[in-house]
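Structural overview for review
Chain by chain, the residues:
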Amino acid sequence: MAATPECLVMAKPAGPRCNLRCSYCYYVGRTDLLEGGAEPMSRELLERFIAERFAASPGPVTHFEWHGGEPTLLGVEYFETIVALQRRHLPAARQVSNGLQTNGLLLDAGWAEFLARERFSVGLSLDGPPELHDRFRAAAGGAPTQARVVEAFRLLKSHRALCNVLCVLHSDNVQEPDVVYDFFSELGVTHLQFLPLAVRVGAGASEATASPDAIGAFLCRVFDRWIAADVGRVVIQTFDEALRPIHGVEHALCIHRETCGNVAVLERDGSFYACDHFVDAAHRIGNLRERDLADLTTDPRMRAFGEAKRSSLPRACRECDVVAFCNGGCPKDRVATTADGEPGLNCLCPAYRRFFRHAAPGLTSLSAHMKAGRRLREFRPRRAAR
């Protein structure tokens, strides 16, 4: 059996606080779970987390992920403190890296200079051109936000900060694959993630949730364009993950691994949860104020949570020809147990099947190209994009 991946801890020092009111946000309503009102993570707890994160990480590079809510609400000074504490506790011959997920509204020249200087990897949420982004991503007062996010991207780019754009696939932008891909290409995005939205309301889905068929069609169309002209120029996480089982490399994303449970969440009050999508009382492992981080990350409930993904995989998944590509997807997206007691399929299953089957021939050719030691930019698909 392969070794269990190191547990990555997603820290949320601002908690659920945010200056956006995205109608598809899954994090709304979590404030009541936390202690201390709207107070950010204290300096004492922040330092304890940083010191214990280094101690629990075997190295040579220890990675920190800072999420929210919106972490930039804390100000750049708060993150200057984070960097100073990391330097204080950094073990000899070790390195540190940081990731920051943001909506970009508060980024200015000071933020961009800091993020570039400290080599933060910035995840920036952007759903496409104005008419597609602003549909579900309005500011707290209802104002549109797309222009400000684009300005933030250009600012980061001008400072040569590392920037990865995250695009949520919702019911509007999923209908326009060429418009969306052209927009990102013209903007100069080189690292891109597509995150299919799957928000269920009762027995149905939210207004923002796209149909699996539409998501599958979107991914197929964008894949055809990418593999025809942009291999080696644009990195698209969805396609990188699809390449991995063909190329004989383990999945990087927890949602496509056989087991999960190695991406935990540390809330601003020290509460520690098994997963970002399961911040609830049932999945609370403990609190950093009371237990060491190494103890929390190795808690048997963490392993049980991760193993449950594989042990509850439906029979239809186990017998599916593309199971190696997705391994059933994220457990949060699995529908309820069927009437005969069989675990339900992932609600994104039709999208996964369509895309992985469509992409497999092209990715197989790409894998052979890579194994031959050829440059990615020299790759040409055997068949033209449709």
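The following refers to the structure shown. Residue indices begin from 1 for each chain and proceed along its sequence in written order. Under the rules for a predicted model, residues below a pLDDT of 70 receive no local features and side-chain atom pairs below 80 are neither given nor counted, while totals for whole chains, interfaces and linings still include all residues. By convention in this description, side-chain values take in all heavy atoms of the structure and omit both hydrogens and water.

**Some thoughts on the packing of helix H6 (residues 177–187) against helix H7 (residues 212–229)**
Between the N-to-C directions of two axes lies an angle of 0 to 180 degrees, each axis being a line fitted to C-alpha atoms and, for a helix, fitted only over the stretch in contact. Helix numbering and strand numbering both begin at the N terminus, where a helix is a DSSP run of H or I of at least 4 residues and a strand a DSSP run of E of at least 2. One can describe the packing of H6 onto H7 by two numbers: an axis separation of 9 Å at closest approach and a directional angle of 45°. By the angle between their axes, H6 is oblique relative to H7. Crossing handedness for the pair H6 and H7: right-handed. On the side of H6, the interface is formed by Pro 177, Asp 178, Val 180, Tyr 181 and Asp 182, while H7 contributes Phe 218, Arg 221, Val 222, Arg 225 and Trp 226. Under this grouping Gly is polar, as are all residues other than the nonpolar Ala, Val, Leu, Ile, Met, Phe, Trp, Tyr, Cys and Pro and the charged Asp, Glu, Lys and Arg. Residues that form the contact of H6 with H7 fall into these classes: six nonpolar, no polar and four charged. If an angle is under 35 degrees, it is roughly parallel; if it is over 145, roughly antiparallel; if it lies from 65 to 115, roughly perpendicular; otherwise it is oblique. What makes a crossing left-handed is the near helix being turned counterclockwise from the far one by less than a right angle; a clockwise turn instead makes it right-handed. Here a residue-residue contact requires only that any non-hydrogen atoms of the pair lie within 4.5 Å.

**Some remarks on the sheet that holds strand E4 (residues 121–125)**
Read from one edge to the other, the open sheet built from 10 strands follows the order E9-E6-E5-E4-E3-E2-E1-E10-E11-E12, with strand pairing classed as mixed. Here the strands that pair on one side only, and so sit at the sheet edges, are strand E9 (235–236) and strand E12 (284–287). Relative to E12, strand E11 (residues 271–273) runs antiparallel, the two sharing three bridges. Each bridged residue has a counterpart across the sheet, and for Ser 271 the counterpart in E12 is Asn 287. Two strands are counted as paired when DSSP detects at least two bridges linking them.

**A word on unusual backbone geometry**
In this chain, Gly 59 is followed by Pro 60 through a cis amide linkage whose omega measures 5°. Look at the link from Gly 68 to Gly 69: it is a cis peptide, with omega at 15°. Within the secondary structure layout, Gly 69 lies in the loop between strand E2 (61–66) and helix H2 (76–89). In the Ramachandran plot, Arg 160 falls in the positive-phi region, its phi being about 60° despite a non-glycine side chain. One can find Arg 160 in the loop between helix H5 (146–158) and strand E5 (162–169).

**Focus: the nonpolar core**
To define a nonpolar core, start from buried Ala, Val, Leu, Ile, Met, Phe, Trp, Tyr and Cys residues and group those joined through side-chain atoms within 4.5 Å. Accessibility here uses a 1.4 Å probe with only protein chains present; expressed as a share of the type maximum, an area under 20% marks a residue as buried, one over 50% as exposed, and anything in between as partly exposed. Core analysis: the largest hydrophobic core is formed by 104 residues, its most contacted members being Phe 49, Trp 66, Phe 184, Phe 194 and Trp 226. In terms of residue count, the dominant contributor to this core is H7 (nine residues). Leaving out residues up to four positions away in the same chain, Phe 194 has contacts with Cys 167, Leu 169, Val 180, Phe 184, Phe 218, Leu 219, Val 222, Ile 236 and Thr 238. Grouped together as the second largest cluster of nonpolar side chains are five residues, Met 10, Val 263, Val 265 and Val 279 included.

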